[in-house]
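What follows is each chain in one-letter form.
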Amino acid sequence: MGLIPGQFDLVQDPACGYKDISFDVSGLPSLVTYDPITNMFNYEQSNDKSLAGTHTVTILASVAMPLDYTMDTYMMVETEIEFIITVELCRV
């Protein structure tokens, strides 16, 4: 099965310096792993033909944004990014 590993970057624009940012990745097929330190997606070779097909993956990014200059109260802001991973059988 073939898959091209990749990396993604989510940046603050404008750069406000928010530190409490988290990412949750869901929907990955079992042969794909995500490393939250490097933001890299990697894959393992597999002979499991049941993994072939498309898989919808969701990245949920959350950040705690201060409601005013005192930074005593915060509001969680979330956004979702969806993309498709296609796993194909190798053809020899």
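Figured I'd write up the structure that's included with this text. Just so it is clear, the model here is predicted, and its values are computed rather than measured.

### So, the overall build of the chain
Assigned secondary structure in the chain consists of zero helices and six strands. The order of α-helices and β-strands along the chain, N terminus first, is β-β-β-β-β-β. Split into buried and exposed, the 92 residues of the chain put 24% on the buried side. Residue pairs in contact within the chain that sit at least 24 positions apart in sequence constitute 64% of those at least 6 positions apart. Put simply, the chain shows about 6800 Å² of open surface, and 53% of that area lies on carbon and sulfur atoms.

### What to know about the environment of A52
Mapped onto the secondary structure, A52 falls in the loop between β4 (40-43) and β5 (53-66). Spatially, the C-alpha atoms of A52 and T86 are 7.4 Å apart, while their sequence positions differ by 34 residues.

### Observations concerning the nonpolar core
Membership of the largest hydrophobic core is limited to ten residues, which are V25, L31, V32, Y34, F41, L51, V57, I59, I85 and V87. Taken together, the elements giving at least two residues each to this core come down to β3 (32-35), β5 and β6 (74-87).

### Details of the sheet that holds strand β2 (residues 21-26)
Taken together, the three strands give an open sheet; going across it, the order is β2-β5-β6, and neighbouring strands pair in antiparallel fashion. Looking at strand neighbours, the two that pair on one side only are β2 and β6, the edges of this open sheet. Sheet twist, expressed as the mean angle between neighbouring strand axes with direction ignored, is 15 degrees. Bridging between β2 and β5 involves six bridges; their strand directions are antiparallel. Across the sheet, I21 pairs through a bridge with V63, a residue of β5.

### Details of the packing of aromatic side chains
Counted by the stated rule, this structure contains two aromatic pairs. Their ring planes at 75 degrees and their centres at 5.7 Å tell us that F41 and F83 sit as a pair that is edge-to-face. In this pair, F41 sits in strand β4 while F83 sits in strand β6, placing the two residues 42 residues apart along the sequence.

### Regarding a nonpolar patch on the surface
Taken together, the side chains of L67, M75 and V77 present a nonpolar region at the surface, about 250 Å² in accessible area. As for its placement among the helices and strands, V77 is situated in strand β6.

### A closer look at the pairing of β5
Relative to β6, β5 runs antiparallel, the two being bridged by 14 bridges. When the sheet's bridge partners are listed, A64 is paired in β6 with M76.

Rules behind the numbers
- The residue numbering used here restarts from 1 in each chain and proceeds along that chain's sequence as written.
- Confidence filtering applies because this is a predicted model: local features only for residues at pLDDT of at least 70, side-chain atom pairs given and counted only at 80 or more, and all residues used for totals across whole chains, interfaces and linings.
- Values reported for side chains reflect all heavy atoms of the structure, with hydrogen atoms and water molecules removed beforehand.
- Put simply, DSSP H or I for four residues or longer makes a helix, DSSP E for two residues or longer makes a strand, and each gets a number counted from the N terminus.
- Note on classification: 1.4 Å probe, protein chains only; a residue is buried when its accessible area is under 20% of the maximum for its type, exposed when over 50%, partly exposed between these limits.
- Contact between two residues is taken to exist if any of their heavy atoms lie within 4.5 Å; hydrogens are not considered.
- To be clear on the numbers: accessible area is Shrake-Rupley with a 1.4 Å probe, and residue cover counts the displayed protein chains and nothing else.
- As used here, the term nonpolar core means buried Ala, Val, Leu, Ile, Met, Phe, Trp, Tyr and Cys residues forming a set that is joined through side-chain atoms within 4.5 Å.
- Criterion used throughout: strands pair if DSSP finds at least two bridges between them.
- Axis definition: a line fitted to C-alpha atoms, limited for helices to the stretch in contact. Angles are taken between N-to-C directions and run from 0 to 180 degrees.
- Working definition: a ring pair exists when centres of Phe, Tyr or Trp rings (six-membered ring for Trp) sit within 6.5 Å. Plane angles under 30 degrees give stacked, over 60 give edge-to-face, the rest tilted.
- A patch consists of residues exposed above 30% relative accessible area that lack any salt bridge, with like charges linked at up to 9 Å and nonpolar side chains (Val, Leu, Ile, Met, Phe, Trp, Tyr) linked at up to 5 Å.
- Here, a salt bridge means any side-chain nitrogen of Lys or Arg that lies within 4 Å of a carboxyl oxygen of Asp or Glu.

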